[in-house]
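# Observations on chain architecture
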Amino acid sequence: KLWETPKWKELAKALSLKKQYALFFTGSGEKESKLIFEAFGEIPGENLCDLLTIEQFASLVRGASAIISIDSFPVHLAAFMNTPVVALYLYNRFTPLWIPDVDKGVFLVDRNRCSLINFPIEKRIQDLSSIEPSDVLSSLDLLL
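The following paragraphs examine the structure supplied in this document. Position labels on residues start from 1 in each chain and follow its written sequence. Residues qualify for local features only when their pLDDT is at least 70, as the model is predicted, and side-chain atom pairs are given and counted only at 80 or more; totals for whole chains, interfaces and linings, by contrast, use all residues. With hydrogens and water stripped out, all remaining heavy atoms of the structure feed into the side-chain values.

## A short note on unusual backbone geometry
Glycine aside, residues mostly have negative phi, and peptide bonds are mostly found in the trans state. We apply this condition: The helix and strand labels rest on DSSP assignments: H or I over at least four residues marks a helix, E over at least two residues marks a strand, and numbering proceeds from the N terminus. The rule is simple: take the accessible area with a 1.4 Å probe, protein chains only, and divide by the maximum for that residue type; under 20% is buried, over 50% is exposed, in between is partly exposed.
Positive phi, close to 65°, is recorded for Asp50, a residue that is not glycine. Looking at the secondary structure, you find Asp50 in the loop between strand S2 (46-47) and helix H3 (54-63). Even without a glycine there, the phi angle at Asn82 is positive, about 65°. Residue classification places Asn82 among the partly exposed positions, given a relative accessible area of 48%.

Here is the structure:
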């Protein structure tokens, strides 16, 4: 997705080294399948891109130790199921509307783009460059 592939790879490698996490990579479509292959191809884990029904995805979220996502659907589903969640969001004036009110959640927002909030939405979609894999890891440690 919009987070840089090397950062996804660094995060997955760090999680796989902890040995306490089984990693599942989800998504849909050719673009996300390619990203999963590029970022996680060498990382031990299960590539479930395009393989899950909505019911299977919900079951995976319900049984997960935690969810890490930049998509709002998995974030809100995890919040609903009380599954710990670390979410990475781009900042814009609507960001607070997309953050669910949960006790088991950490929401990392890219602050580098705050000055762009008055631009049309296509100009705001940039990257998540200010969020590092270490931020996600420390957030997981707080939740688990």
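## Here we look at the pattern of salt bridges
Basically, it comes down to this: Here, a salt bridge means any Lys or Arg side-chain nitrogen found within 4 Å of an Asp or Glu carboxyl oxygen.
Across all of its chains, the model carries three salt bridges by this definition. The salt bridge partner of Lys18 is Asp141, with a shortest N-O separation of 3.2 Å. Here Lys18, found in the loop between helix H1 (5-17) and strand S1 (24-25), pairs with Asp141, found in helix H7 (residues 133-143); they are 123 residues apart in sequence, far enough to count as distant. Since its relative accessible area comes to 33%, Lys18 is described here as partly exposed. Note on Asp141: relative accessible area 45%, which makes it partly exposed.

## Details of the pairing of strand S5 (residues 105-110)
So the rule is basically this: DSSP bridges decide pairing: two strands pair if at least two such bridges lie between them.
Taken across its six residues, S5 has five buried, putting it largely inside the fold. Two strands pair when backbone bridges link them, and strand S4 (residues 85-90) and S5 are joined in this way by six bridges, in the parallel orientation. Its bridge partner lying in S5, Tyr89 is registered against Val109.

## Brief notes about the pairing of S4
Among the six residues in S4, six count as buried, and that is most of the element. Pairing of strand S3 (residues 67-69) with S4, which is carried by three bridges, proceeds in the parallel orientation. Counted as the bridge partner of Ile68 is Val86 from S4.

## Side note on the sheet that holds S3
Counted only if it meets this: Under this scheme, a helix contributes an axis fitted over its contacting stretch, all axes are lines through C-alpha atoms, and angles between N-to-C directions fall in the 0 to 180 degree range. Any pair of residues with heavy atoms lying within 4.5 Å of one another is described as a contacting pair.
Reading across from one edge, S3-S4-S5 is the order of the three strands in this open sheet, with parallel pairing throughout. Of all strands in the sheet, those with a lone pairing partner are S3 and S5, marking the two edges. Taking the axes of each pair of neighbouring strands and ignoring which way they run, one obtains an average angle of 15° across the sheet. Most of the contacts of helix H4 (residues 72-80) go to S4, to which it runs at about 145°, and overall it touches S3, S4 and S5.

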